[in-house]
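These are the residues of each chain, in order.
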Amino acid sequence: MTTPCLRRWTGASALALAVLCGPVATAAQADSFPVQDTLDDLVSEDGFPAALASVQDRDGTMRDYTAGQDDPPADGYVRIGSNTKTFTAVTVLQLVGEGKVELDGPVEKYLPGLLRGKGIDSRRITVRRLLQHTSGLPEYTDFLAKGALPYQHTYFQPRELLDMALRKPAQFAPGAKWAYTNTNYIVAGLLIEKVTGRPAIEEITNRTVKKLGLTRTYFPNVGDQALRTPHAKGYHRDDPSKPMTDVTTFDPSQAWTAGQMISTPSDLNRFFTALLDGKLLKPAQLREMRTTVKVPELGPGGAYGLGLSSVKLSCGGRAWGHGGAIPGYYTTNAATDDGRAAAIAVTHLPTTPAAQKHVEQALDTTLCTQP
């Protein structure tokens, strides 16, 4: 699934998804699947240090694959970037279902006076517009345009991120159009905290991760720069002419509720399947989440709902989800309503449009060749 922007790494999220795990099989038991060859090509042809995949058949069988250097572990931990947005959106929509938040109510009601600036007024921005990227809020990640490595070990507070955005004018009037903007989900995190009186990390963990028993998914807490083991090593370079830097150890606070979480390919499948199966949201809120606006730049038939996207597959039908990017890791993951699912992660952000396209094509191929 095509992503709109590689410059802003938290906004370079491949907009896709995934499905619930059943019995596990090894790659050797599934020679008819081209997944291993696809991962090998991503490493040998596109130069990704490593690639991981978790694939599910319609019957629930899950298979894991790896390729590349450092002996990447099957279904190892990776940073999932903007997949975090779906977790955040689910939490907000749960609060809507509990009557604590009005989806079409103004952000001002929950965070009075917070959003003010040139063309910016939270009295005109609804909660829905935050979640759907139609708020017009400016992007805060522009400070990373010249490189992420200087900030590898820098801690940012959420309000600091928001203040970066509010120094700039609005991109457009609320509701006028769509623009993928990480600032929307920083505000969503602050809204969760104000409404619940608890840390967003805690609310997201209790309401999604623990509820579903996702034992290999977590929201790293303040100061946690490491990845749990076993993990795939992540690499980054700000200058393509220079050697890669190991960024496995990285402070993800610059992404917070827009892109800070860590998971594995199979756990991403479990989360998105449970979501689509109605295990996290009431029917009314799930319908709202799947109510989309057209976004052609996301790919054929591209559309975006509330922290959830949708594209057409080359073999017919539609896949739903999100995906994510953060220095060291790029993840694309998707599920179909008939039970096919896949999650693919590479351990370096795509450095060319062609490499990015190949990762997204790998997802499409994987989903379309499953029995």
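1. Quick notes on the overall build of the protein
Moving on, step 1. Each helix and strand counted, the protein has ten helices and 16 strands in total.
Moving on, step 2. Relative to its length of 371 residues, the protein is compact, with a C-alpha radius of gyration of 19 Å against a globular reference of 21 Å.
Moving on, step 3. The dimensions of the protein, computed from C-alpha atoms along their principal axes, are 60 × 45 × 35 Å.
Moving on, step 4. The buried share of the protein, reckoned over its 371 residues, is 60%.
Moving on, step 5. Only carbon and sulfur atoms are counted for the fraction: they give 50% of the accessible area of the protein, which is about 13,400 Å².
Moving on, step 6. Positive and negative charge centroids in the protein, built from 39 and 37 side chains respectively, lie 9 Å apart.

2. Observations concerning a negative patch on the surface
Moving on, step 1. On the surface, Asp-37, Asp-40, Asp-41 and Glu-45 cluster together to form a negatively charged patch.
Moving on, step 2. Along the chain, Asp-37 falls in helix H1 (residues 35-44).
Moving on, step 3. Look at Asp-37 and you get exposed, because its relative accessible area is 53%.

3. A closer look at the state of the cysteines
Moving on, step 1. Within this structure, the stated rule accounts for one disulfide.
Moving on, step 2. There is a disulfide in this structure between Cys-315 and Cys-368, and the S-S distance comes to 2.1 Å. Disulfide Cys-315-Cys-368: the torsion about the S-S bond is -80°, which places it as left-handed. Placement of the pair is Cys-315 in the loop between strand S12 (309-312) and strand S13 (318-321) and Cys-368 in helix H10 (residues 353-368), with a sequence separation of 53 residues.
Moving on, step 3. Its relative accessible area of 41% is what places Cys-315 among the partly exposed residues.
Moving on, step 4. A residue is classified by how much of its surface remains accessible, and Cys-368, at 22% relative accessible area, is partly exposed.

Rules and cut-offs
- Residues numbered from 1 in each chain as written.
- Predicted model: local features only at pLDDT ≥ 70, side-chain atom pairs only at ≥ 80, totals over all residues.
- Heavy atoms only, no water.
- Helix = DSSP H or I, 4+ residues; strand = E, 2+ residues; numbered from the N terminus.
- Rg over C-alpha atoms; globule rule 2.2 N^0.38 Å.
- Buried < 20%, exposed > 50% of the residue type's maximum accessible area, 1.4 Å probe, protein only.
- Areas by Shrake-Rupley, 256 points an atom, 1.4 Å probe, with all protein chains shown as cover.
- Lys, Arg positive; Asp, Glu negative; His and termini not counted.
- Charge placed at Lys NZ, Arg CZ, Asp CG, Glu CD.
- Patch = residues over 30% accessible without salt bridge, like charges linked within 9 Å, V, L, I, M, F, W, Y side chains within 5 Å.
- Salt bridge = Lys/Arg side-chain N within 4 Å of Asp/Glu carboxyl O.
- Disulfide = S-S within 2.5 Å.

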